[in-house]
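Below, each chain spelled out in residue letters.
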Amino acid sequence: QVQLAESGGGLVQDGDSLRLSCVASGTIYSNDFMAWFRQGPGKEREFVAAINGRLAKSWYTDSVKGRFTISRDAAKNSVSLQMNNLKLEDTAVYYCALSKSAYIDYRSDSYAYWGQGTQVTVSS
């Protein structure tokens, strides 16, 4: 069984930076996909970024490319999301998720394990 716990959310201003962290407990492998999703007010949950340690690759949704960076610390069983130049439309609850699928998938239903979410609010 895998449990995920996010931290690092908060209230920031347009253009600021924020770093989210997620610590995983349980059996985690380097070929697991660890990801961040978000759900804004009145919106569906959407893929933000993912990383795979064995493949040494990361994936991003277009709206965050060049602003967000996902990283993984295998020794700490953790994944982080560095968010720079935050915009109003980045306001959402951010969720850490883990998939044991053999391939990258941007759909939330492919991820079996989820954290409780952390709120990120960007104000003008």
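All of the points below concern the structure found in this document. (Residues numbered from 1 in each chain as written. Predicted model: local features only at pLDDT ≥ 70, side-chain atom pairs only at ≥ 80, totals over all residues. Heavy atoms only, no water.)

Take the side chain of aspartate 32 next. Relative to the elements of secondary structure, aspartate 32 occurs in the loop between strand S3 (18–25) and strand S4 (33–39). At 2.8 Å, the side chain of aspartate 32 and the backbone nitrogen of tyrosine 29 are in polar contact. Other than its neighbours up to four places away in sequence, aspartate 32 contacts Thr27, Ile51, Asn52, Gly53, Arg72, Leu98, Ser99 and Lys100. (Helix = DSSP H or I, 4+ residues; strand = E, 2+ residues; numbered from the N terminus. Polar contact = N/O pair within 3.5 Å; in protein donor to acceptor, adjacent residues only side chain to side chain. Contact = heavy atoms within 4.5 Å.)

Turning our eyes to something else, we now look at the sheet that holds strand S1 (residues 3–7). Strand order in this open sheet of four strands is S1-S3-S8-S7, and the pairing throughout is antiparallel. For this open sheet the edge positions go to S1 and strand S7 (68–73), each flanked by a neighbour on one side alone. Adjacent strand axes in the sheet meet at a mean angle of 15 degrees when their direction is disregarded. Pairing geometry for S3 and strand S8 (residues 78–83), over six bridges, is antiparallel. Within S8, the residue paired with leucine 20 across the bridge is leucine 81. (Pairing = 2+ DSSP bridges. Axes fitted to C-alpha atoms, helices over the stretch in contact; angles between N-to-C directions.)

Turning to the state of the cysteines, a few remarks are in order. For the coordinates displayed, the defined rule picks out one disulfide. A disulfide bridge connects cysteine 22 with cysteine 96, and the sulfur atoms are separated by 2.1 Å. Note on the cysteine 22 and cysteine 96 pair: the S-S dihedral is about -80 degrees, so by sign convention the disulfide is left-handed. Within this pair, whereas cysteine 22 is found in strand S3, its partner cysteine 96 is found in strand S9 (residues 92–99), the two being separated by 74 residues in sequence. (Disulfide = S-S within 2.5 Å.)

This part takes up unusual backbone geometry. Positive phi values are uncommon outside glycine, yet alanine 56 reaches one of about 55 degrees. Owing to a relative accessible area of 66%, alanine 56 belongs among the exposed residues under this scheme. At asparagine 77, a position not held by glycine, the phi torsion is positive, near 50 degrees. Positionally, asparagine 77 belongs in the loop between S7 and S8. In this structure asparagine 77 comes out as partly exposed when scored by relative accessible area, which is 25%. (Buried < 20%, exposed > 50% of the residue type's maximum accessible area, 1.4 Å probe, protein only.)

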